[in-house]
Amino acid sequence: MRNEHITLHLFGKNYKFKADEDVPNADQVAHLVESEVSKLEQNAAAKTPHMNNFAVLTQAALNIANEFIGLKQDYASLIHDISGRTNALIERMDSYLQ
């Protein structure tokens, strides 16, 4: 990424940010934030019409962080499962070779 500028469309306004070099998927990150905020805005309009922008952004951050933590746990579980299966296969192969 070459000093790319990202525009977030939140609460009827555009916000421009310079994407860090170490964020290769800045467009996807921006889209995820926009989508989560939009979803919360739609839900809040029906349930809590007085929810302020800061509360919506905070809830969006919490939702995204929760999903991220869940995915990290799923990934760790998958790696653990693959490692166990790989070790079992190696042991089986070693027993046949001896």
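You'll find the structure just up there.
Predicted, not measured: the structure shown is a model, and the values here were computed from it.

Analysis parameters
- Residues numbered from 1 in each chain as written.
- Predicted model: local features only at pLDDT ≥ 70, side-chain atom pairs only at ≥ 80, totals over all residues.
- Heavy atoms only, no water.
- Axes fitted to C-alpha atoms, helices over the stretch in contact; angles between N-to-C directions.
- Helix = DSSP H or I, 4+ residues; strand = E, 2+ residues; numbered from the N terminus.
- Parallel < 35°, antiparallel > 145°, perpendicular 65-115°, else oblique.
- Left-handed = near helix turned anticlockwise from the far one by under 90°.
- Contact = heavy atoms within 4.5 Å.
- Nonpolar A, V, L, I, M, F, W, Y, C, P; charged D, E, K, R; others polar.
- Expected span 1.5 Å × (residues − 1).
- Buried < 20%, exposed > 50% of the residue type's maximum accessible area, 1.4 Å probe, protein only.
- Arc of directions from axis to C-beta.
- Pairing = 2+ DSSP bridges.
- Salt bridge = Lys/Arg side-chain N within 4 Å of Asp/Glu carboxyl O.
- Core = buried A, V, L, I, M, F, W, Y, C linked by side-chain atoms within 4.5 Å.

**Student:** Can you walk me through the packing of helix α1 (residues 26–47) against helix α2 (residues 53–97) in this structure?
**Tutor:** For any two helices packed against each other, the geometry is given by the interaxial angle and the distance between the axes. Where α1 contacts α2, the axes come no closer than 9 Å and their chain directions differ by 120°. On the basis of their axis angle, the class for α1 and α2 is oblique. Judged by the sense of rotation from one axis to the other, the crossing of α1 with α2 is right-handed. In contact with Leu32, Val33, Glu36, Val37, Leu40 and Glu41 of α1, α2 contributes Val56, Leu57, Gln59, Ala60, Asn63 and Ile64. A breakdown of the residues in the contact of α1 with α2 according to their chemical character gives 8 nonpolar, 2 polar and 2 charged.

**Student:** I'm lost on the environment of Ile79 in this one. Help?
**Tutor:** As for its position among the elements, Ile79 is in helix α2. Along the chain, Ile79 and Glu67 lie 12 residues apart, while their C-alpha atoms are 18 Å from each other.

**Student:** Mind showing me how you'd approach α1 here?
**Tutor:** Two residues of an α-helix separated by three or four positions point the same way, owing to the 3.6 residues in each turn. Taking 1.5 Å per residue, 22 residues should reach 32 Å; α1 reaches 31 Å between its end C-alpha atoms and fits that length. Three or more residues of α1 are buried, namely Ala26, Ala30, Glu34, Glu36, Val37, Leu40 and Ala44. One side of α1 holds all its buried residues, which, seen down the axis, span an arc of 165°. Residues of α1 that are exposed and point more than 90 degrees away from the buried face comprise Gln28, His31, Gln42 and Ala46. Along its buried surface, α1 packs onto β1 (5–10) and α2.

**Student:** Help me understand the pairing of β1, please; the structure alone is not making it clear to me.
**Tutor:** On a regular strand, each side chain points to the face opposite its neighbour's, so the side chains alternate between the two faces of the sheet. Only one face of β1 is buried: it carries Ile6, Leu8 and Leu10, and the other face, with His5, Thr7 and His9, is open. For β1 and strand β2 (residues 13–18), the ladder comprises 6 bridges, and the chain directions are antiparallel. Looking at the pairing, Leu10 lines up with Lys13 of β2.

**Student:** What exactly am I supposed to notice about the pattern of salt bridges here?
**Tutor:** All chains considered together, the criterion is met by 2 salt bridges. Its salt-bridge partner being Lys39, residue Glu36 comes within 3.3 Å of it at the nearest N-O pair. Linking Glu36 with Lys39, this pair stays in helix α1, spanning 3 residues, or about one helical turn. Note on Lys39: relative accessible area 43%, which makes it partly exposed. Between Asp81 and Arg85 there is a salt bridge, with the nearest N and O atoms lying 3.2 Å from each other. Of this pair, Asp81 and Arg85 both sit in helix α2, 4 residues apart, roughly one helical turn.

**Student:** How should I be thinking about the nonpolar core in this particular structure?
**Tutor:** Considering soluble globular proteins, one finds that nonpolar side chains tend to be buried as a cluster. The biggest cluster of nonpolar side chains holds 11 residues, and these are Ile6, Leu8, Leu10, Phe11, Ala19, Ala26, Ala30, Val37, Leu40, Val56 and Ala60. Elements with a contribution of two residues or more to this core: β1, α1 and α2. Here this core gets 4 residues from one element, more than from any other, and that element is α1. If we ignore the near neighbours within four places in the chain, the residues touching Ala30 are Ile6 and Leu8.

Shape is all these values report; function is a separate question.
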